[in-house]
Amino acid sequence: PIMSLPTSERAATGVVAIRFQPLGKLYHFESAGITDLRQGDYVLVSTNRGREMGEVASFVDRRQAGGGLKPIERRATAQELVVRRMWQRKELEAMIECRAKAAEQGLEGVKIAKAEYSYDGSRLTFLYNYELDDKLDLKALRDAMQESYPQSRVDFRQIGPRDVAKIIGGMGACGLETRCCSMFLTEFSPISIKMAKAQGISLSPQEITGMCGRLRCCLVYEYEEYVKARKELPRVKKRVMTPLGEGRVVEVLPLKMAVIVLLESDERRVEFLKHEIEPYDELKALENKANGPCERHQGGGCNCGKG
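What counts and what doesn't
Residues numbered from 1 in each chain as written. Predicted model: local features only at pLDDT ≥ 70, side-chain atom pairs only at ≥ 80, totals over all residues. Heavy atoms only, no water. Axes fitted to C-alpha atoms, helices over the stretch in contact; angles between N-to-C directions. Helix = DSSP H or I, 4+ residues; strand = E, 2+ residues; numbered from the N terminus. Parallel < 35°, antiparallel > 145°, perpendicular 65-115°, else oblique. Left-handed = near helix turned anticlockwise from the far one by under 90°. Contact = heavy atoms within 4.5 Å. Buried < 20%, exposed > 50% of the residue type's maximum accessible area, 1.4 Å probe, protein only. Pairing = 2+ DSSP bridges. Salt bridge = Lys/Arg side-chain N within 4 Å of Asp/Glu carboxyl O.

## Some details on the packing of helix 4 (residues 91-104) against helix 5 (residues 139-148)
A pair of packed helices can be characterised by two numbers: the angle between their axes and the separation between those axes. Packing of helix 4 against helix 5 brings their axes to within 10 Å, and their N-to-C directions diverge by 140 degrees. The angle between helix 4 and helix 5 places the two elements in the oblique class. As for the relative orientation of helix 4 and helix 5, their crossing is right-handed in sense. Only L141, A144, M145 and S148 of helix 5 make contact with helix 4, whose side of the interface consists of A94, E97, C98, K101 and A102.

In structure tokens form, the structure reads like this:
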């Protein structure tokens, strides 16, 4: 996790978290002596893909950032911000043309999700998704798009189905008007089927699959709380003592730190909080220890039945 720092500590750390796209992944850079940086400022930095314009998202504790950070080159000028917006307005047109060219060339299974211009228009990157098993050759499509946009260096970058869903946006499978990935998620966490099992969620594909066709991101939100709670609560079928007598656990409610018990006396199902129940075996063991053998039995020859 990234820890934002108060204004008084920003200059001392000199480490800035920058994103290049709205809700994009955060990258760390040295402020390199640039003073008075604020959240929302735009700066120019050198990356593996060339010079990029990014937005200052937060100020980071140097201990979390690590070493070997590249420096921020400088603040973006007002003119550069205007030019950046001009190129962004051309991205939709470029994406539509790329989709049309892909269809003309019969490229099956290729989904062009977005076109991205660099801030100065020197690079045009098409983000695409392809999940078929055959090998994909985009050389002809790249050449065609390079011919259509000679002023920019055209490139293609493959992304996953979750990234496509984030770009497209829309309603989530749960009914939220805006999907989590398009609303606040900056990175995708690894998700497995065991997370659904731990939370007692139906394993039906309709229940655990998002609009991207992958396991829903929200399966990870409460997973750790469920794991922690289940370690402290008795398992299903475990015999317990309750204020209403003995019974067996038939359902665990981790987020409420409670269980539902089937009482042996009248077959009722009653909910009890964690502090209201005791494990039957442990309670009986304590009672036997408290009642221990009498003095005559310890000496031998006793018929009290506590041996």
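Next, the rest of the story.
## Considering the pairing of strand 6 (residues 111-117)
Most of strand 6 sits inside the fold, with 5 of its 7 residues counted as buried. Where strand 6 lies against strand 7 (residues 123-129), 6 bridges are found, and the strand directions are antiparallel. Paired with K111 across the strands is N129, a residue of strand 7. Taking the residues that link successive antiparallel strands as the turn, the strand 6-strand 7 hairpin has 5 residues, and the phi of G121 there is positive, at about 80 degrees.

## A short note on the sheet that holds strand 3 (residues 42-47)
Spatially, 2-1-4-3-5 is the arrangement adopted by the 5 strands of the open sheet, whose pairing is antiparallel. Two strands lie at the open edges of the sheet, namely strand 2 (27-30) and strand 5 (72-75), each paired on one side alone. With strand direction ignored, the average angle separating the axes of adjacent strands in the sheet is 45 degrees. With 3 bridges connecting them, strand 3 and strand 5 associate as antiparallel partners.

## Examining the sheet that holds strand 12 (residues 269-273)
Spatial strand order, 12-11-10-9-13: 5 strands in an open sheet with antiparallel pairing. Each edge of the open sheet is held by one strand with a lone partner, namely strand 12 and strand 13 (278-279). As paired strands, strand 10 (residues 245-253) and strand 11 (residues 258-263) are joined by 6 bridges and run antiparallel to one another. Within strand 11, the position partnered with V249 by the bridge is V261.

## Considering the environment of A94
By the element assignment, A94 lies in helix 4. We classify A94 as buried; its relative accessible area is 0%. Taking the C-alpha atoms as reference, A94 lies 8.7 Å from M145; in sequence the two are 51 residues apart.

## Some thoughts on the pattern of salt bridges
Counting across every chain of the model gives 12 salt bridges. With its nearest N and O atoms 3.0 Å apart, the salt bridge here joins E73 to R51. Note that E73 is positioned in strand 5 and R51 in strand 4 (residues 50-59), a separation of 22 residues in sequence. Relative accessible area serves as the criterion here: at 39%, E73 is assigned to the partly exposed category. Between R157 and E116 there is a salt bridge, and its shortest N-O distance comes to 3.9 Å. Placement of the pair is R157 in strand 8 (residues 153-158) and E116 in strand 6, with a sequence separation of 41 residues. Overlapping salt bridges bring together K114, E116 and R157 as one network.

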